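Here's the letter readout for the chains.
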Amino acid sequence: MSTVAAISTPRAQGGISVIRISGEDALSAADRIFKPISRKALPSEMEGYSCAYGNIVSGGEVLDDGVLTVFRAPKSYTGEDVVEISCHGGIFVTEQILRLILSGGVNAAGAGEFTKRAFLNGKMSLTQAEAVMDIISADGSAGLRCAESLREGALFRRIKKVSDGMLKLLGSLAAWVDYPDDDIPAVEEYEISAVLEAGIADLDKLLNSYESGRIVREGADTAIVGRPNVGKSTLMNLLAGCDRSIVSDTAGTTRDVVEESVRLGDIVLRLSDTAGIHDTDDTVESIGVDRARKKLDAADLILAVFDVGSEITAEDRELAERCRGRNAIAVLNKSDLEQRFDFSEISDCFRDSVTVSAEKGEGLERLVSAVEKLYGMSGFAPDMGVLANERQRSCAERARLCFREALDALKAGATFDAVTILIDDGENSLLELTGEKTSEAVVDEVFSRFCVGK
Ligand code: GDP
């Protein structure tokens, strides 16, 4: 593999920048540009895990001074010889140094190239490599804990447990099918179903926690909806803790979609305060209403706000119907007023309901626990190893389907041969999930989402 280099820190001014070189020629490339001051040895003469202070020079001219760290294969991030140069964190100076390194015959690293090499050199599984990406993009402690446990291998071990069970089963099936006349003990049907059922149960648990994990990592796209004047803006401001959207007494003043992210417990809600969904002749407002409808359809979570100080209206009923079957919580607002609202009429459209007074700031904790309950956060521990992305989810789903089909086929009296083929398909999906058996295209796709320099 060729030797590659990239700037591993963000393209911005900062205290320091780090340039990373990895590959067979990393040390000789460093020798060409780095003149040590703190010691005599050239980079190629240095031991792994050691560093030196010195100048970065181009044709006799000093570009910058910095610290060079040597990692020797296989004890490095990529498993190859790696050199990291910490220089001053200016955009121009860092790019000059990178250009100098590249002009010596080193290639520019592609997106995620260092982590890809780590995977190809057996330093980490595919799920661990994906976790590196999640750690970089984590924006909350629970999301970070999910990613850390993924990197540490929690998911890998959970998958491996199922996969190992299936492999053992496949082994005994193969032996029995291939050498039926020998003294190999017959595989009993109940043994096969026991392994399949255990594997399916483990995959069930994993797949069930996918949604909780996704919401913890990415946050929930949340639509606050309701007819005009029920208190949507007031609720949004309460959640956001600042005056982002217009609160007014005139119906239909929140014309556009205002966005804000708030953290509720372990969950980030990406809120959009939308114009009330109602029929209107006002064209400017109708654009807002149209966008609000689209928002509602695309939302992960719907907070449907009602004014309990007034009677239920046709619009309230229509909104409730749109919430049926969705992740929707009814927010019964204005609890400080005299109650005129008969919620029982529409309660079956919602997963849950909470009573609040947005204006008085009452009931927020009830809303937080309703949201956490909705996403099954109570049985969810970020470090138990969760499926972290759609690729992993679909592999697990496919594996579960194959094992279910194998179980059905077995019960229907199919031959062990036919059952074996189905189990084998499922096993392949699991191996694809961990990256133990996966196509180049999948690997390329995974790493293309990385930034350059990681
Ligand atoms: P939106 O049109 O749904 O965004 O409603 P607003 O947030 O603009 O609120 C409409 C009116 O209801 C404003 O006068 C608010 O002060 C008032 N309001 C909002 N929440 C409450 C509440 O909990 N109690 C009472 N009494 N009034 C509220």
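Residues numbered from 1 in each chain as written. Predicted model: local features only at pLDDT ≥ 70, side-chain atom pairs only at ≥ 80, totals over all residues. Heavy atoms only, no water.

### Some remarks on the overall build of the protein
Applied cut-off: Numbering goes from the N terminus for both helices and strands, where a helix is a DSSP run of H or I of at least four residues and a strand is a run of E of at least two. Residue exposure (1.4 Å probe, protein chains only): buried if accessible area is under 20% of the type maximum, exposed if over 50%, otherwise partly exposed. In what follows, a contact means two residues having at least one pair of non-hydrogen atoms within 4.5 Å.
Scanning the protein from N- to C-terminus turns up 15 helices and 13 strands. With 454 residues in all, the protein has 50% of them scored as buried. Here the analysis covers contacts within the protein between residues at least 6 apart in sequence; of these, 66% occur between residues at least 24 apart.

### Some thoughts on the environment of Ile91
Within the fold, Ile91 resides in helix α2 (residues 91-103). Given a relative accessible area of 26%, Ile91 falls into the partly exposed group. For the pair Ile91 and Gln13, spaced 78 residues apart in the sequence, the C-alpha separation amounts to 5.9 Å. If near-sequence neighbours (up to four positions away) are discounted, Ile91 is found in contact with Arg11, Ala12 and Gln13.

### Here we look at the packing of aromatic side chains
Put simply, the rule is: Two rings from Phe, Tyr or Trp (for Trp, the six-membered ring) form a pair when their centres are within 6.5 Å of each other. A pair whose planes differ by under 30 degrees is stacked, one over 60 is edge-to-face, and the rest are tilted. Two thresholds decide whether a charge sits over a ring: the Lys NZ or Arg CZ must be within 6 Å of the ring centre and within 35 degrees of the ring normal.
In this structure the tally under the stated criterion is 5 aromatic pairs. Ring centres of Phe119 and Phe447 lie 6.2 Å apart, and the angle between their planes is 35°; on these two criteria the pair is classed as tilted. Here Phe447 lies in helix α15 (residues 440-448) and Phe119 lies in helix α3 (residues 113-120), a separation of 328 residues in the sequence. The exposure class of Phe119 is buried, given its relative accessible area of 11%. On the basis of relative accessible area, Phe447 is assigned to the buried category, the value being 1%. Aromatic pair Phe306 and Phe350: ring centres 5.8 Å apart, planes at 85°, arrangement edge-to-face. Here the residue Phe306 occupies a position in strand β11 (residues 301-307), and Phe350 occupies one in the loop between β12 (328-333) and β13 (352-355), the gap between them amounting to 44 residues. As far as the burial class goes, Phe306 and Phe350 line up, both buried. The rings of Phe306, Phe341, Phe343 and Phe350 are connected pair by pair, giving a single aromatic cluster. The ring of Phe114 carries Arg20 above its face, with NZ or CZ at 5.1 Å from the centroid. When the ring centre of Tyr210 is taken as reference, the NZ or CZ atom of Arg393 above it lies at 6.0 Å.

### Focus: helix α13 (residues 390-411)
The following threshold applies: The span one expects for a helix is its residue count, reduced by one, times 1.5 Å. Side-chain atoms alone can form a polar contact between residues adjacent in sequence; in general such a contact is a pair of N or O atoms within 3.5 Å, and within protein one must be able to donate a hydrogen while the other accepts it.
In this model, α13 (22 residues) spans 31 Å end to end at C-alpha, consistent with the 32 Å of a helix rising 1.5 Å per residue. One side-chain oxygen at the N-terminal end of α13 lies 3.3 Å from the backbone nitrogen of Arg391; it belongs to Asn389. Looking at the residues trailing α13, positive phi occurs at Gly413, about 85°.

### Observations regarding a negative patch on the surface
Worth spelling out the cut-off: Residues with no salt bridge and a relative accessible area higher than 30% make up the patches, which join like charges within 9 Å and nonpolar side chains (Val, Leu, Ile, Met, Phe, Trp, Tyr) within 5 Å. Shrake-Rupley sampling with a 1.4 Å probe provides the accessible areas, and residues are treated as covered by the protein chains on show and by no other component. In what follows, salt bridge is the name for a side-chain nitrogen of Lys or Arg lying within 4 Å of a carboxyl oxygen of Asp or Glu. Two residue types count as positive, namely Lys and Arg, and two as negative, namely Asp and Glu; His and chain ends fall outside the count. Charge placement uses NZ in Lys and CZ in Arg. For Asp and Glu, CG and CD serve respectively.
On the surface, Glu405, Asp408, Asp424 and Asp425 cluster together to form a negatively charged patch. Among the secondary structure elements, those contributing two or more residues to the negative patch are α13 and α14 (416-434). Turning to its location among the elements, Asp425 is positioned in helix α14. Exposure remark for Asp425: the relative accessible area of 38% places this residue in the partly exposed category.

### Here's the deal with the confidence of the model for the protein
Rules: pLDDT expresses how confident the predictor is about each individual residue, on a scale running from 0 to 100.
Taken as a whole, the protein shows an average pLDDT of 86; of its residues, 89% reach a score of 70 or greater. Below pLDDT 50 for its whole length, residues 252-257 participates in 23 contacts with residues either more than four positions away or in separate chains.

### What about the nonpolar core?
Our working rule: For this analysis, a nonpolar core means a set of buried residues of the types Ala, Val, Leu, Ile, Met, Phe, Trp, Tyr and Cys, connected via side-chain atoms within 4.5 Å.
Counting residues in each nonpolar core, the largest one holds 33 residues, and the members touching the most others are Ile192, Leu196, Leu387, Phe403 and Ile423. Counting only elements with at least two residues in this core, the list comes to α6 (154-178), α7 (189-208), α13 and α14. A per-element tally of this core places α13 first, with 8 residues. Counting 31 residues, the second largest nonpolar core, distinct from the first, contains Met236, Leu239, Met377 and Phe380.

### Regarding the pairing of β11
Quick reminder of the rule: Pairing between strands is defined by DSSP: at least two bridges between the two strands are required. Handedness of a crossover: with both strands directed away from the viewer, a clockwise path from the first strand across the helix to the second marks it as right-handed.
Within β11, 7 of the 7 residues are buried, which leaves it mostly tucked inside the rest of the structure. Where burial is concerned, the two faces of β11 agree: the one with Leu301, Leu303, Val305 and Asp307 and the one with Ile302, Ala304 and Phe306 are both buried. Relative to β11, strand β8 (residues 220-225) runs parallel, the two being bridged by 4 bridges. The partner of Thr222 across the bridge, within β11, is Leu301. In this fold, β11 hands off to helix α11 (residues 314-323), which returns the chain to β12; that crossover is right-handed.

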